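# Structural overview
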Amino acid sequence: MAESVTITDNRTGVAIESPIVNGGVDASAWRKLLGNTWFYDPGFMQTAATSSAITELDGEAGILRYRGYPIEQLAEHSTYLEVAYLLIYGDLPDDQQYEHWVHDITYHTFIHENVRKRFMEGFHYDAHPMGMLVSAVAALSTFYLEAKNIDDEEIRNKQIVRLIAKMPTLAACAHRFSVGQPFVYPDNSVSFCANFLQMMWKVAEPRFEADPKLERALDVLFILHADHEQNCGTTAMRVAGSAHSDPYSSTAAAAAALYGPRHGGANEAVIKMLREIGSVENVPDYVKAVKSGQGGRLQGFGHRVYKNYDPRATIIKKAAYDVFDVTGKNPLLDIALKLEEVALADDYFISRKLYPNVDFYSGLIYQAMGFPQDMFTVLFAIPRTAGWLAHWKELLEQDQKIARPRQLYVGSPVRDYVEMKDR
Ligand code: CMC
């Protein structure tokens, strides 16, 4: 027998049954029954806002798959650009499709000179690179006016290519400006990640050669961050996209959500915490303070969805060692390892199913590679752009209604306006 849920309106005794399909029940079935009575679900804790065929996440089992492919296999065998194609178009590309895709992305990496000279250089000298990135992505919509034609598949695909290609250029540009260094133009003869690294680090050498191990480690990090189903930034993308905003404005909305410390900023908090702990000997006392509620939370631990080890954390931990082979060990690593060991043996963390998440080791890698802390969220935004665009495309193809939730009004009942002199 098919599984179902029945809701009875106790005011009238009328009941309506709705089948459970793909793990959810269709709330529209109850619209007739409930009229102006709404489901109250702040933070969408129990709400599936859409169906999606992009990313499968099983938090209890520690599973993450893009279009059915386990994240572990993609991190081992694939590249970020191949994963971006997979997320957006649904299948792995064949060799010709891949060649075209990489070529298209590579030849759209340049940004309009006015974006750099007039827009980016107009920021205050100490502007945060993530604030610059959010604004610059929105500004791109003023350069590509045809992007408003969201119903035209060819135009849609063109903006997808532009956005994926230009994010690293905008990101590096924001960094160079914030440290007072001249802008470095994209190099179309190297890979996506090698190009980003040369735009970040090139100084006076005729050609910047990225270390292949660092190039690969960055590619793996980009694969791991490319999508994570209906997270806060992706939801922002879908909400803006549902209003049929152009893809640049929608991506700016998603990036703005990612900017928040509860979302894209936790890896920065991990570095701050490890610095505060200071040495391996201080770890047990720090954990004790966390447990007693005196020391705040253990940053990089726990997850709303994963109640088992975050599968991305396992892969990142391995990538960290590959990076340290080149850069030398990050001195904070020993503290991180000890912290993990102590926490994973402690009943407080075991009973609450608190394990290291993706942010626990990613900050250590970024720091070892020389990225300043305020670039960490920017490094998250570059690959997440592929996920945002995959969801944007899917939303438009599903022809979804504009996102417009209801509220439970708890304010003042009607009252008459009072003149200023009588208040
Ligand atoms: N350290 C210590 N205790 C914790 C932690 C932590 N990191 N996380 C949760 N707890 C405790 C919490 O105090 C509560 O205990 P009790 O039941 O005694 O009140 C219990 O575990 C459940 O916590 P919760 O707040 O109900 O869990 P949540 O699902 O609402 O929060 C979280 C998830 C990620 C916000 C939280 O675990 C946290 O604040 N972690 C630290 C910040 C962090 O690492 N964030 C990055 C998340 S991964 C990034 C991404 O995927 O986008």
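Structure first, text after, so check above.
Here the structure is a predicted model, which is why all the values come from computation and not from measurement.

### Brief notes about helix 4 (residues 95-106)
Here helix 4 is twelve residues long and its end C-alpha atoms lie 16 Å apart, about the 16 Å a rise of 1.5 Å per residue gives. Among the residues of helix 4, those classed as buried are Trp101, Ile105 and Thr106. Projected onto a plane normal to the axis of helix 4, the buried residues spread over an arc of 125 degrees and lie on a single side. Exposed residues on helix 4 whose side chains face more than 90 degrees from its buried face are Gln96, Glu99 and His100. Structurally, helix 4 contributes buried residues whose contacts are with helix 3 (80-89), helix 7 (153-178) and helix 8 (192-201). Capping the start of helix 4, Asp94 holds a side-chain oxygen 3.1 Å from the backbone nitrogen of Gln96, two or three residues further along.

### Side note on a negative patch on the surface
Taken together, the side chains of Asp151, Asp152, Glu153, Glu154 and Asp399 present a region of like negative charge at the surface. Within the secondary structure, Glu153 is located in helix 7.

### Considerations on the site of the ligand
Around the ligand lies a shell of 19 residues, among which Arg297, Leu298, Gly300, Phe301 and Asn357 are the nearest. Leu298 has a polar backbone atom sitting 2.7 Å from a nitrogen atom of the ligand. Between the ligand and the protein, one listed contact pairs an oxygen atom with a side-chain N or O atom of Arg312 at 3.1 Å. Isolated, the ligand exposes 950 Å² of accessible area, and the fraction of that covered by the protein chains is 68%. Residue classes in the shell around the ligand are distributed as six nonpolar, seven polar and six charged.

### What to know about the pattern of salt bridges
Counted under the stated rule, the structure contains 21 salt bridges. Measuring nitrogen to oxygen at the nearest pair gives 2.9 Å for the salt bridge that ties Asp310 to Arg312. The burial state of Asp310 is the same as that of Arg312; both residues are buried. Look at the salt bridges and you will find they share partners, linking Glu113, Arg116, Lys117 and Glu121 into a network.

About the criteria used
Residues numbered from 1 in each chain as written. Predicted model: local features only at pLDDT ≥ 70, side-chain atom pairs only at ≥ 80, totals over all residues. Heavy atoms only, no water. Helix = DSSP H or I, 4+ residues; strand = E, 2+ residues; numbered from the N terminus. Expected span 1.5 Å × (residues − 1). Buried < 20%, exposed > 50% of the residue type's maximum accessible area, 1.4 Å probe, protein only. Arc of directions from axis to C-beta. Contact = heavy atoms within 4.5 Å. Polar contact = N/O pair within 3.5 Å; in protein donor to acceptor, adjacent residues only side chain to side chain. Patch = residues over 30% accessible without salt bridge, like charges linked within 9 Å, V, L, I, M, F, W, Y side chains within 5 Å. Areas by Shrake-Rupley, 256 points an atom, 1.4 Å probe, with all protein chains shown as cover. Salt bridge = Lys/Arg side-chain N within 4 Å of Asp/Glu carboxyl O. Lys, Arg positive; Asp, Glu negative; His and termini not counted. Charge placed at Lys NZ, Arg CZ, Asp CG, Glu CD. Near = heavy atom within 4 Å. Nonpolar A, V, L, I, M, F, W, Y, C, P; charged D, E, K, R; others polar.

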